[in-house]
Amino acid sequence: MLKNLAPFAAIALLTAPAAAQSNIDGTYVDSGGYTEITVAPCGNARCGEITRIIRNKPGETNRDRHNDNPALRDRPILGITILQNLRWDDGAWRGEVYNPEDGNTYRTEVRRRANGSLEVKGCVTLFCRTRVWPAVN
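A brief report on the enclosed structure follows. (Residues numbered from 1 in each chain as written. Predicted model: local features only at pLDDT ≥ 70, side-chain atom pairs only at ≥ 80, totals over all residues. Heavy atoms only, no water.)

**Regarding the overall build of the chain**
Counting secondary structure elements, the chain contains one helix and eight strands. Starting at the N terminus and ending at the C terminus, the chain contains elements arranged as α-β-β-β-β-β-β-β-β. Going through the 137 residues of the chain one by one, you find that 30% of them count as buried. Roughly 8600 Å² of accessible area belongs to the chain as shown, and the carbon and sulfur atoms make up 54% of that amount. (Helix = DSSP H or I, 4+ residues; strand = E, 2+ residues; numbered from the N terminus. Buried < 20%, exposed > 50% of the residue type's maximum accessible area, 1.4 Å probe, protein only. Areas by Shrake-Rupley, 256 points an atom, 1.4 Å probe, with all protein chains shown as cover.)

Written as structure tokens, this is what we have:
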């Protein structure tokens, strides 16, 4: 009888990670309320792009002026991909997050919370900072 159950057990093990995968596609507002970020498929991963400027942060322009690359400092913030190469791994979406406020890219873990918001954790070495982005209704 156990031999008959083996194929079903194998199928259950193969489909379990996919079933547990959290869907993060949608539009969110950054934690400061300055921009909307839309998360969607990009190839075999997920990416997040700034799709709307809600208001300017005091002292900032709508340009990527803190970018390490001088050639990119005049590009508009609108349309920049800030979440890149997000792939489902061990209970979270892992990839990179670009922060236009300082021009740096960080390792990131992204998770959808029960209330629909997105928890975005950016890390450099052992130091991490977590932000919560509410979903746009």
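Next comes the rest of the description.
**Focus on the nonpolar core**
In this structure, Ile24, Ile82, Leu83, Val110, Leu118 and Trp133 are the most contacted members of the largest nonpolar core, which totals 18 residues. Contributions of two or more residues to this core are made by strand 2 (35-42), strand 4 (81-89), strand 5 (92-99), strand 6 (104-112) and strand 7 (118-124). The residues touching Ile24, leaving out its near neighbours within four places in the chain, are Val39, Arg46, Leu86, Trp93, Val110, Arg112 and Leu118. (Core = buried A, V, L, I, M, F, W, Y, C linked by side-chain atoms within 4.5 Å. Contact = heavy atoms within 4.5 Å.)

**Some thoughts on the environment of Ile80**
Relative to the elements of secondary structure, Ile80 occurs in the loop between strand 3 (45-53) and strand 4. On the basis of relative accessibility, which here comes to 5%, the residue Ile80 falls in the buried class. C-alpha separation for the pair Ile80 and Asp64, spaced 16 residues apart in sequence, amounts to 8.8 Å. Leaving out residues up to four positions away in the same chain, Ile80 has contacts with Gly48, Glu49, Ile50, Asp64, Arg75 and Tyr98.

**Examining a nonpolar patch on the surface**
A surface patch of nonpolar side chains, about 390 Å² in accessible area, is lined by Val124, Leu126 and Phe127. Counting through the fold element by element, Phe127 comes out in strand 8 (residues 127-133). (Patch = residues over 30% accessible without salt bridge, like charges linked within 9 Å, V, L, I, M, F, W, Y side chains within 5 Å. Salt bridge = Lys/Arg side-chain N within 4 Å of Asp/Glu carboxyl O.)

**Regarding the sheet that holds strand 1 (residues 26-29)**
Strand pairing in a sheet takes place through backbone hydrogen bonds and is either antiparallel or parallel in direction. Read from one edge of the open sheet, eight strands run 1-2-3-4-5-6-7-8, paired in antiparallel fashion. The sheet is open, and its two borders are formed by strand 1 and strand 8, each paired with just one other strand. Strand-to-strand, the axes of this sheet are offset by a mean angle of 25°, without reference to chain direction. Here eight bridges tie strand 2 to strand 3, and the two strands are oriented antiparallel to one another. Considered in strand 3, the bridge of Cys42 is made with Ala45. (Pairing = 2+ DSSP bridges. Axes fitted to C-alpha atoms, helices over the stretch in contact; angles between N-to-C directions.)

**What to know about the state of the cysteines**
On inspection of all chains with the given rule, the structure shows two disulfides. Across the disulfide, Cys42 is cross-linked to Cys47 (sulfur-sulfur distance 1.9 Å). The sign of the S-S torsion, about 70°, decides the handedness of the disulfide formed by Cys42 and Cys47: right-handed. Of the residues examined, Cys47 reaches a relative accessible area of 17% and is grouped as buried. A sulfur-sulfur separation of 2.1 Å characterises the disulfide bridge that pairs Cys123 with Cys128. (Disulfide = S-S within 2.5 Å.)

**As for the pattern of salt bridges**
According to the stated counting rule, one finds 11 salt bridges in the structure shown. The partner of Arg65 in a salt bridge is Glu60, with the nearest N and O atoms 3.2 Å apart. Look at Arg65 and you get partly exposed, because its relative accessible area is 37%. Beyond isolated ion pairs, a larger network of salt bridges with shared partners links Asp89, Arg94, Glu109, Arg111 and Lys121.

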